[in-house]
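# Overview (structure and organization)
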Amino acid sequence: MKRVLKVFFLFLLFAFLFLIGYVFWRYSTWYKDFSKRKGEDIVCTVDGDTSDEDMDFSQRIENFILSDSYFEFITFSQKEILNIIKKSIPENDTFKIEEMCLIPDSGKWRIYFHAKLGSLKLPWIGVDVVKDKRETAELYSQGIFLGDIPIPHRLSKEFSSKISKGLSDALLVVTENRFLGKEIKNIDLLKDSVVFKGSL
């Protein structure tokens with residue numbers, strides 16, 4: 001019996017070490033490719049990145065606010081949305097988002113977060129943000145990833161639900177505060193931008 005238990009625990013230990021090794025290898029391989037693609041088909045924004053060209057959208061917001069049309073639309077670039085989301089995430093001396101990246105597709109964006117917890121740099125965590133075809137201002141999270149490794153739904157279900165609500169709330173709070181009361185009726189995730197539809 002003891003021999004059987006010993007073999008069983010050795011097997012579990014081997015399986016655990018193999019799993020850790022596989023995750024490390026796959027994450028490292030993904031990160032090399034991810035780093036090469038930054039600035040090509042992956043859009044990123046780092047802490048303190050507030051270039052005038054990318055972030056000066058005050059005139060568009062003013063036109064949106066002053067418009068007397070019942071329905072009005074305003075478009076934000078990928079980097080502008082990354083900065084809006086980043087500003088909505090609470091940070092403190094312990095937790096800080098150092099960089100965010102985006103792999104866009106029509107109707108679904110994968111947003112990667114690179115955070116720092118104290119002096120410890122955390123691995124890249126990805127979130128698939130999805131917008132369905134209905135006219136709504138709601139976004140939801142379809143999956144969470146460590147690099148490109150999907151985290152099982154059982155482990156990420158509660159976290160995914162919080163992210164979905166947080167993203168929608170963050171975008172609506174930030175934009176409605178800027179839009180001075182205009183109601184956001186719809187959000188469209190396009191491959192190169194995000195379009196907000198507002199009404200009086």
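To keep things clear, this report deals only with the structure shown in the data block. (Residues numbered from 1 in each chain as written. Predicted model: local features only at pLDDT ≥ 70, side-chain atom pairs only at ≥ 80, totals over all residues. Heavy atoms only, no water.)

Looking only at helices and strands, one finds 5 helices and 10 strands in the protein. Carbon and sulfur atoms form 60% of the exposed surface of the protein, whose accessible area is close to 12600 Å². (Helix = DSSP H or I, 4+ residues; strand = E, 2+ residues; numbered from the N terminus. Areas by Shrake-Rupley, 256 points an atom, 1.4 Å probe, with all protein chains shown as cover.)

This brings us to the pattern of salt bridges. Under the definition given, this model contains 6 salt bridges. Here Arg37 makes a salt bridge to Asp41, at a shortest N to O gap of 2.8 Å. Given a relative accessible area of 24%, Arg37 falls into the partly exposed group. One salt bridge in this structure joins Glu99 and Lys38, with 3.2 Å as the shortest N-O distance. Here Glu99, found in strand 3 (residues 95–105), pairs with Lys38, found in the loop between helix 1 (2–37) and strand 1 (43–46); they are 61 residues apart in sequence, far enough to count as distant. According to the relative accessible area criterion, Lys38 is partly exposed, its value standing at 27%. (Salt bridge = Lys/Arg side-chain N within 4 Å of Asp/Glu carboxyl O. Buried < 20%, exposed > 50% of the residue type's maximum accessible area, 1.4 Å probe, protein only.)

Turning next to a nonpolar patch on the surface. A cluster of nonpolar side chains, Leu5, Phe8, Phe9, Phe11 and Leu12, forms an exposed patch at the surface whose accessible area comes to about 520 Å². By the secondary structure assignment, Phe8 is in helix 1. (Patch = residues over 30% accessible without salt bridge, like charges linked within 9 Å, V, L, I, M, F, W, Y side chains within 5 Å.)

Moving on to the state of the cysteines. Under the counting rule described, the total for this entry stands at 1 disulfide. Through a disulfide, Cys44 is tied to Cys101; the S-S separation comes to 2.0 Å. Its torsion about the S-S bond being 110°, the disulfide of Cys44 and Cys101 is classed as right-handed. On the criterion of sequence distance, the pair formed by Cys44 in strand 1 and Cys101 in strand 3 is long-range, its members being 57 residues apart. (Disulfide = S-S within 2.5 Å.)

With that settled, the discussion passes to the side chain of Ser193. By the element assignment, Ser193 lies in strand 10 (residues 193–199). A polar contact of 3.3 Å, which involves the side chain of Ser193, links it to the side chain of Asp192. Excluding its chain neighbours within four sequence positions, the residues that come into contact with Ser193 are Thr75, Phe76, Gln78, Trp109 and Asp188. (Polar contact = N/O pair within 3.5 Å; in protein donor to acceptor, adjacent residues only side chain to side chain. Contact = heavy atoms within 4.5 Å.)

So, about the packing of aromatic side chains. Taken as a whole and judged by the stated rule, the model has 8 aromatic pairs. Geometrically, the ring pair formed by Phe76 and Phe196 is edge-to-face, given 5.4 Å between the ring centres and 85° between the ring planes. With Phe76 in strand 2 (residues 71–77) and Phe196 in strand 10, this residue pair connects regions lying 120 residues apart in the sequence. If you follow Arg110 out to its NZ or CZ, it ends over the ring of Phe145, 3.7 Å from the centre. (Phe/Tyr/Trp six-rings, centres within 6.5 Å; stacked < 30°, edge-to-face > 60°. Lys NZ or Arg CZ within 6 Å of the ring centre and 35° of its normal.)

With 36 residues, helix 1 should cover 52 Å at 1.5 Å per step; its first-to-last C-alpha distance of 52 Å lies within 8% of that length. Those residues of helix 1 that sit buried are Tyr27, Trp30 and Phe34. Against strand 3, strand 4 (108–117), strand 7 (140–146) and strand 8 (149–150) lie the buried residues of helix 1. Gly39 occupies a position one or two residues after helix 1 and carries a positive phi of about 85°. (Expected span 1.5 Å × (residues − 1).)

Across soluble globular proteins, you tend to see nonpolar side chains buried next to one another. Ile81, Met100, Ile111, Ile187, Val194 and Phe196 are the most contacted members of the largest nonpolar core, which has 23 residues in total. Broken down by secondary-structure element, the contributors of at least two residues to this core are strand 2, helix 4 (78–88), strand 3, strand 4, strand 6 (125–130), strand 9 (183–189) and strand 10. With 8 residues, the next largest nonpolar core counts Phe34, Cys44, Cys101 and Tyr112 among its residues. (Core = buried A, V, L, I, M, F, W, Y, C linked by side-chain atoms within 4.5 Å.)

Turning our attention to the pairing of strand 10. When you tally the buried positions in strand 10, you get 7 out of 7 residues, the bulk of the element. Burial of strand 10 is two-sided: the residues Ser193, Val195, Lys197 and Ser199 facing one way and the residues Val194, Phe196 and Gly198 facing the other way are all buried. Two strands pair when backbone bridges link them, and strand 9 and strand 10 are joined in this way by 6 bridges, in the antiparallel orientation. By the bridge assignment, Glu183 is partnered in strand 10 with Ser199. (Pairing = 2+ DSSP bridges.)

Taken by themselves, the reported measurements are silent on function.
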